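Working through the structure, step by step
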Amino acid sequence: MKFEIIFKEARSFTLECKDAGIYQLEEEYEIYLDNKLADKTNKIVHTINGLKPDTEYKIFIKKGEEVSEPVVLHTDYESYTLNVRDFGALGDGKRDDTGSIQAAIYSCPKDGRVLVPKGIYKITSLFMKSDLRFELEEGAVLSAITEREKFPVLPGLIESYKEDSEYNLGTWEGNPLDMFAAIITCINVSNVVIYGKGVIDGCADHENWWKNPKIKRIAWRPRQIFMNHCENMVVQGIRVTNSPSWNIHPYFSKNLKFIDLEILNPKDSPNTDGLDPESCENVEIIGVYFSLGDDCIAIKSGKIYMGSKYKAPSKNLMIRQCCMRDGHGSITIGSEMAAGVLDLTVKDCLFIDTDRGLRIKTRRGRGEDAIVDNILFENIQMDQVMTPFVINSFYYCDPDGLTEYVRTKQPLPVDERTPNIKKLAFRNISCKNCHVAAAFLYGLPEQKIERVEMKNITVSYAEKTMSGVPAMMEGSIPCTKQGIYANNITSLEIENVKIEGCEGEAFRTENIDNLICEN
């Protein structure tokens, strides 16, 4: 077996098995530190905690008789540990411990660690600072208070003294709007690691945050973790659950890693996206397990105002060795992406029981900067995904999506309001037990999807299928067991694509300028 250390800090490291499969192995393997058994797991990506700072370890893994080559790792330096109990936190699940934990955070010196030991800590919002390690020990739960009156508010826009610039803190669905501060709030900070085996529990349910979810009450609902204009941030190992809205929301940030997490929400929880990078660059999402009520990962870059004003696309994103379950989309691009999404790679992932696998949502009005380009999906396994591939250039949600300008299928002039989908590639993908359609790819007639490559793909259908609409657009009707439908694409290349058991045509194409089909 081969493995690589993909992240380390003073107290933990994460390894990734190489060329071993997707997300998990059928059998466990053993991890050894200095020739002593440290743990057993079947996960491709796995974290070991409880190390000593500034210490050298020899690491190897073993599966049956197969033993890897050893790797030598030296943990990072750590200056001091500040235990939140020493600052007055009780962890009794009753008293509000926000102030005590916040005091420990702001008192922590550079290269120090704030330790949250076992216990249940009732909190509202905690604000991180730079050069900090924040550890949630196994058995530690940050349990959020749910009375919204106790949460601070992040204003959407604050105008400068000279009225020539603005400061944006709060955001809601791609617009600069007042928002409650997140359970973990990071604003203009860098070099922060949030890690451990503990839990961040938003304690949301249908009696508090999820009640009337589309109505603003004081401010819009908080996230679990919010990163606004941050750099060099890592979230590793923890569980994030029961979020009031989006679970983890990086915003105008860069150089981010999300490693070996669990992000869990009930299937019926509204707007509880798992991880939504918005106008972010250099993002890695590795070994994360998602099960929730909305899109597992949704990549965004502002609805209209923020995208067109700041022109900050989400770009250079890597997603691998993840498992997505139960959400509306496994990986979604948009619909709030007025600044574009560029250079996304998704590989070695499992999509299970989601409505859609890849989902691109855009429409007229998103603007000329709303460019989707260089998107690669490779080595993916899907099971019970309703429709594996959906590209929808007529996404109709929100009032502006219901206008005749958005809904008409007639070609309109290309202008500053017209979005653009360019190069997409889907390779080595297996989709079994599908329900609605194999693929639904619909570009704009005036600005067609530039190029779609589908190579080495198999699709089969469940015995008992459920009906559904393949895309949220005007004129989309419920169906089952449909094949690939493609409309308004400049170049469509299909090679070794097999559709087994569909009802009707396996391939139906309209308005394709250059069709290459080799099956």
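Refer to the preceding data block for the structure.
Counting restarts for each chain, with residues numbered from 1 along the sequence as it is written. The predicted origin of the model limits local features to residues at a pLDDT of at least 70 and limits the giving and counting of side-chain atom pairs to 80 or more, whereas totals for whole chains, interfaces and linings rest on all residues. Heavy atoms from the whole structure form the basis of all side-chain values; hydrogens and water molecules are not counted.

**Quick word on the overall build of the protein chain**
Helix and strand assignments come from DSSP, with helices taken as H or I runs of at least 4 residues and strands as E runs of at least 2, each series counted from the N terminus. When helices and strands are tallied, the protein chain shows three helices and 44 strands. Taking 2.2 N^0.38 as the reference for a compact globule, 519 residues should give roughly 24 Å; the C-alpha atoms of the protein chain span a radius of gyration of 23 Å, in line with that estimate. Referenced to the eigenvectors of the C-alpha coordinate spread, the extents of the protein chain come out at roughly 70 × 65 × 40 Å. Only protein chains enter the accessibility calculation, which uses a 1.4 Å probe; a residue whose area is less than 20% of its type maximum is buried, one above 50% is exposed, and one in between is partly exposed. The buried share of the protein chain, reckoned over its 519 residues, is 57%. Every accessible area reported is derived by Shrake-Rupley at a probe size of 1.4 Å, with residue values counting cover from the shown protein chains alone. As presented, the protein chain carries roughly 20,300 Å² of accessible surface, and 46% of it is formed by carbon and sulfur atoms. Radius of gyration: over C-alpha atoms. The globule rule applied is 2.2 Å multiplied by the number of residues raised to the 0.38 power.

**Observations regarding the nonpolar core**
Here, nonpolar core refers to any group of buried Ala, Val, Leu, Ile, Met, Phe, Trp, Tyr and Cys residues whose side-chain atoms link them within 4.5 Å. Counting residues in hydrophobic clusters, the biggest one holds 100 residues, and the most contacted among them are Phe 134, Leu 142, Phe 290 and Ile 319. Considering every element that reaches this core, the biggest residue donor is strand 43 (residues 482–500), with seven residues. If we skip the residues at most four places from it in the chain, Ile 319 touches Ile 285, Ile 297, Ile 299, Met 324, Ile 331, Leu 344, Thr 345, Val 346, Lys 347 and Cys 349. Ranked by size, the runner-up nonpolar core spans 24 residues in total, among them Phe 3, Phe 13, Ile 44 and Tyr 57. Note on contacts: a residue pair qualifies if any of its non-hydrogen atoms lie within 4.5 Å across the two residues.

**A short note on empty space enclosed by the protein**
Cavity means a closed set of points on a 1 Å grid over the protein atoms alone, one where a 1.4 Å probe fits but cannot get out, pocket means an open set with protein on both sides within 12 Å along at least 5 of 7 lines, and lining means a residue has an atom within 4 Å of a point. Grid points are joined across faces, edges and corners, and a volume is the space filled by probe spheres set on the points. Following the criterion strictly, the structure yields one cavity of 30 Å³ or more and no others. Put simply, the largest cavity is a space of about 40 Å³. Contributing to the lining of the largest cavity are Thr 362, Ser 393, Pro 419, Asn 420, Ile 421, Gly 443, Leu 444, Gln 447, Lys 448 and Ile 449. Residues are grouped as follows: Ala, Val, Leu, Ile, Met, Phe, Trp, Tyr, Cys and Pro are nonpolar; Asp, Glu, Lys and Arg are charged; every other residue, Gly included, is polar. Partitioned by chemical class, the residues of the lining of the largest cavity number four nonpolar, five polar and one charged.

**Considering the environment of Cys 479**
Position of Cys 479 relative to the elements: it lies in the loop between strand 42 (449–461) and strand 43. In this structure the C-alpha to C-alpha distance between Cys 479 and Ile 183, which are 296 residues apart in sequence, comes to 41 Å. Beyond its immediate chain neighbours, meaning those up to four positions away, Cys 479 contacts Val 436, Met 466, Ser 467, Gly 468 and Pro 470.

**Remarks on the sheet that holds strand 20 (residues 184–187)**
Think of it this way: DSSP has to see at least two bridges between two strands before they count as a pair. Pairing in this open sheet of four strands is parallel, and the strands run 13-20-23-26 from one edge to the other. Because the sheet does not close on itself, it has two edges, and the strands there are strand 13 (126–127) and strand 26 (248–251). Where strand 23 (residues 225–228) and strand 26 come together, four bridges link them in parallel fashion. Across the sheet, Met 227 pairs through a bridge with Pro 250, a residue of strand 26.

**Some thoughts on the pairing of strand 38 (residues 387–392)**
For a regular strand, the rule is simple: side chains alternate between the two faces of the sheet. In terms of burial, strand 38 is largely enclosed, as six of its six residues are buried. Summarising the sheet, strand 36 (residues 356–361) and strand 38 pair through five bridges and their orientation is parallel. Within strand 38, the residue paired with Arg 359 across the bridge is Val 390. Pairing analysis gives four bridges linking strand 38 to strand 41 (residues 437–442), with the strands arranged parallel. Note that in strand 41 the partner of Val 390 across the bridge is Phe 440.

**Here we look at the side chain of Asn 487**
Mapped onto the elements of the fold, Asn 487 is located in strand 43. Overall, Asn 487 belongs to the buried group, its relative accessible area being 4%. Distance and chemistry together define a polar contact, namely a pair of N or O atoms within 3.5 Å, with one atom able to donate a hydrogen and the other to accept it when in protein, and with adjacent residues in sequence counting only for side-chain atoms on both sides. For Asn 487, the side chain forms a polar contact with the side chain of Asn 511, separated by 2.9 Å. The contact partners of Asn 487, leaving out residues within four places of it in the chain, are Leu 441, Tyr 442, Gly 443, Glu 510, Asn 511 and Ile 512.

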